[in-house]
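# Structural overview for review
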Amino acid sequence: MRVDPRYEEDMRKTKSVLAGLFAAASLLLTVGVQAQVPLKERPARLIVRNAKLFTMAPGRKEVVTGYLVVDANGKFSAVGAGEPPAEFKAAQTWDAGGHWILPGFLSAHSHLWQAAFRGIAADKTLPGWIDGLYNQRASKSTPEDFYWFTLDGALDHLQHGITSAYNFNYGGTHWGLCKENDCDELEYKAEIESGIRFVHGYQQDQITDTDKLPEARARLKAFMDWLSAQPRSTQLISVMLNGSTSFNTTYDQALAEKALMDEFHIGNQSHYLEPPDTVEAERGKFKWFVDSGLLGSKDLYFGHFIHANDEILAKVAAAHSGMSWNPLSNGRLASGVADIPKYLKMGIRVGMGVDGEASADLADPFENMRTGLYAIRDKYEDATIMSPYDVLFLHTMGSADVMGAKDKLGSLEPGKFADFLVVDPTRFGTVFDPYASLVLVAGERDLERVYVGGELKVDHGRLVGQDMGKVQSETDKRSAATMK
């Protein structure tokens, strides 16, 4: 019997559809079975055993000897005391030999590109320092220069144990150097290639008579569209605006920033009340933050925030907003000492940052904690006002909180990214209080290993998989060219 060709074609299509449905059902069944397999029975990326664990998890201050398990996605799947259960299997197991493990430090306020200009304007406060760095040096650089400067700073942060940073990128219309988003795109490339985890701080346009919200929106949208076309990476924590409200002379700046935050669902960190030179003028702009709704956003926090009065503090606390405390930079630029115990008592969220290597000069969180702790004790003339544990918590969980990442970073807890440090305590001598030894004694030379997502990034000071000689050579050559 002759079969109608159209019938044969219909049958072929039907079989093809059925085959596809069968394959899809098989895949769903397989995924379902895998999802039911306990985590401890799945192959892990790394098991670390025999380590002293400073978990920094809220409410868990006790230091225990135990283990970590890092899953294939670079997250902690287990953290516990004693030995890892025998059923845990991993591609690599490492015996820490009793050395100390803590979460990677987070810098809630960094300018990575400024690593190219260490030691600049050494006798200047903030206004003179800005002139020396931005007007006399950075203005002579190219977008390609900022790629190398940013890569240098990111790697320097990693070498010092900072695994995540809010990075204030150089860009925008104010300085007149970076056109469109050329600087931001190259700086983003450097952030990714460094291996650090980061908030990409985007320098939005300064609102003027000729550059208004539509222009600022168009440039930001172009960057966000470009970013959405890049390979997805867990290194990118978020995009936030480098707030400029306190640096501008028009309320339109605050309105524009709030509009951009709302439309693109991004946060904002605003430099505010940093130098003593401009206190009254900046306090007068606080009304702009309130009236525009910037302060009402949980995604806004302030950088430095030293010279706030009681009225400002009360409103910031009521909005459950926060700030980044940057002791090294504040001391270097003679900016003053933020009253951190008062802020915390009022309910203001506090993280810590090492700022840029042109104002703090050394991206060292150990020095940052000590400098801050000593400054506060001097201010109060009281050694009990702040403890070593307190500043360590601020430089880990505190920073993760203000950066909007406390559910992902800042402590050694299952489900969080496996960003951690290994510290060799050999040089500490007798340990009377492990937190005191870690904060008051430890330094860069005691930092044995740095991991991001369970992958080794720094081994005894040596960057893994990076040509630091080339990076340093390019950075030095390009920064020296700004002196001509």
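Quick note: structure is the one above.
Everything in this summary refers to the structure shown in the same document. Remember, it's a predicted structure, so these values are computed and weren't measured experimentally. (Residues numbered from 1 in each chain as written. Predicted model: local features only at pLDDT ≥ 70, side-chain atom pairs only at ≥ 80, totals over all residues. Heavy atoms only, no water.)

### What about unusual backbone geometry?
The backbone phi angle of Ala 121 is positive, close to 50 degrees, even though this residue is not glycine. Along the chain, Ala 121 turns up in the loop between strand E6 (105-110) and helix H2 (126-135). In this structure, Ala 334 is a non-glycine residue whose phi angle is positive, near 55 degrees. With respect to the element layout, Ala 334 can be found in the loop between helix H10 (327-332) and helix H11 (340-346). (Helix = DSSP H or I, 4+ residues; strand = E, 2+ residues; numbered from the N terminus.)

### A look at the packing of helix H13 (residues 388-402) against helix H14 (residues 434-441)
How two helices sit against one another is set out by the angle between their axes and by the gap between those axes. At a minimum axis separation of 8 Å, H13 and H14 run at an interaxial angle of 65 degrees. Viewed along their axes, H13 and H14 adopt a mutual orientation that is roughly perpendicular. Where H13 crosses over H14, the handedness of that crossing is left-handed. Residue-level inspection shows Pro 388, Tyr 389, Val 391 and Leu 392 of H13 in contact with H14, the latter providing Tyr 435, Ala 436, Leu 438, Val 439 and Leu 440. Among the residues making up the contact of H13 with H14, the classes are represented as nine nonpolar, no polar and no charged. (Axes fitted to C-alpha atoms, helices over the stretch in contact; angles between N-to-C directions. Parallel < 35°, antiparallel > 145°, perpendicular 65-115°, else oblique. Left-handed = near helix turned anticlockwise from the far one by under 90°. Contact = heavy atoms within 4.5 Å. Nonpolar A, V, L, I, M, F, W, Y, C, P; charged D, E, K, R; others polar.)

### Quick word on helix H12 (residues 365-380)
In a regular helix each residue adds 1.5 Å, so 16 residues correspond to 22 Å; H12 covers 22 Å between its end C-alpha atoms and thus fits that length. Within H12 the residues assigned to the buried category are Pro 365, Phe 366, Asn 368, Met 369, Arg 370, Gly 372, Leu 373 and Ile 376. By the N-cap criterion, in which a side-chain oxygen at the helix start approaches the backbone nitrogen of a residue two or three places on, H12 is capped by Asp 364, the distance to Phe 366 being 2.9 Å. Taken from the residues just after H12, Glu 381 is the one with a positive phi, measuring 50 degrees. (Expected span 1.5 Å × (residues − 1). Buried < 20%, exposed > 50% of the residue type's maximum accessible area, 1.4 Å probe, protein only. Polar contact = N/O pair within 3.5 Å; in protein donor to acceptor, adjacent residues only side chain to side chain.)

### Regarding the state of the cysteines
Scanning all chains against the criterion turns up one disulfide. The disulfide that involves Cys 178 links it to Cys 183, with 1.9 Å between the sulfurs. Disulfide Cys 178 to Cys 183: torsion about the S-S bond roughly -80 degrees, handedness left-handed. Given a relative accessible area of 7%, Cys 178 falls into the buried group. For Cys 183, a relative accessible area of 1% puts it in the buried group. (Disulfide = S-S within 2.5 Å.)

### A short note on the environment of Asp 211
In this structure, Asp 211 sits in the loop between strand E8 (197-202) and helix H5 (213-228). The exposure class of Asp 211 is buried, given its relative accessible area of 12%. Taking C-alpha positions, Asp 211 is 36 Å from Gly 331, a pair spaced 120 residues apart along the chain. If we ignore the near neighbours within four places in the chain, the residues touching Asp 211 are Thr 173, Asp 205, Gln 206 and Ala 216.

### What about the side chain of Glu 448?
Mapped onto the secondary structure, Glu 448 falls in strand E15 (residues 447-452). Buried within the structure, Glu 448 lacks any salt-bridge partner; Arg 449 is the closest side chain of opposite charge, at an N-O distance of 4.8 Å. In this structure, Glu 448 is in contact with Trp 94, His 99, Val 422, Val 423, Asp 424, Val 458, Asp 459 and His 460, ignoring residues within four places of it in sequence. (Lys, Arg positive; Asp, Glu negative; His and termini not counted. Salt bridge = Lys/Arg side-chain N within 4 Å of Asp/Glu carboxyl O.)

### Focus on the pairing of E6
Successive side chains on a regular strand alternate, one facing one side of the sheet and the next facing the other. Among the six residues of E6, six are classified as buried, and the element is accordingly described as predominantly covered. Sheet topology places E6 next to strand E7 (residues 162-168); four bridges connect them, and they run parallel. Across the sheet, Ser 107 pairs through a bridge with Ala 165, a residue of E7. (Pairing = 2+ DSSP bridges.)

### Quick word on the pattern of salt bridges
Here the structure, examined in full by the defined rule, presents 23 salt bridges. We note a salt bridge from Arg 45 to Glu 455, for which the minimum N-O separation is 3.7 Å. Note that Arg 45 is positioned in the loop between helix H1 (5-36) and strand E1 (46-53) and Glu 455 in strand E16 (residues 455-459), a separation of 410 residues in sequence. For Glu 455, a relative accessible area of 39% puts it in the partly exposed group. The salt bridge involving Arg 370 is made with Glu 367; its shortest N-O contact spans 3.0 Å. On the criterion of helical spacing, the pair formed by Arg 370 and Glu 367 is a turn pair, its members being three residues apart in helix H12. With a relative accessible area of 9%, Arg 370 lands in the buried category. The network of salt bridges with common partners includes Asp 145, Glu 474, Lys 477 and Arg 478.

### Some details on the sheet that holds strand E13 (residues 349-352)
With parallel pairing, eight strands are arranged side by side in an open sheet as E6-E7-E8-E9-E10-E11-E12-E13. The open sheet has two edge strands with one neighbour each: E6 and E13. When strand polarity is set aside, the average angle formed by the axes of neighbouring strands in this sheet is 25 degrees. Where E7 meets E8, five bridges bridge the pair, whose relative direction is parallel. Residue pairing in the sheet places Phe 168 in a bridge with Gly 201 of E8. The strands that helix H3 (residues 143-159) touches are E6 and E7; relative to E7, the one it contacts most, it runs at about 145 degrees.

### Details of the packing of aromatic side chains
Here the structure, examined in full by the defined rule, presents 33 aromatic pairs. Taking the centre distance of 5.2 Å and the plane angle of 85 degrees together, the rings of Phe 54 and Tyr 435 count as edge-to-face. With Phe 54 in the loop between E1 and strand E2 (64-70) and Tyr 435 in helix H14, the pair connects residues that are 381 residues apart, well separated along the chain. Overall, the relative accessible area of 0% leaves Phe 54 in the buried class. Look at Tyr 435 and you get buried, because its relative accessible area is 5%. Seen in terms of ring centroids, Tyr 272 and Phe 302 are 5.3 Å apart; in terms of plane orientation they differ by 35 degrees. Their pairing is tilted. Placement of the pair is Tyr 272 in strand E10 (residues 267-272) and Phe 302 in strand E11 (residues 300-304), with a sequence separation of 30 residues. Ring pairs connect the aromatic residues Trp 113, Phe 117, Trp 129, Tyr 134, Phe 146, Phe 149 and Tyr 170, which therefore count as one cluster. Its end group placed over the ring of Tyr 147, Lys 189 keeps NZ or CZ at 5.4 Å from the ring centre. Taking the ring centre of Phe 417 as reference, the NZ or CZ of Arg 197 above it sits at 4.1 Å. (Phe/Tyr/Trp six-rings, centres within 6.5 Å; stacked < 30°, edge-to-face > 60°. Lys NZ or Arg CZ within 6 Å of the ring centre and 35° of its normal.)

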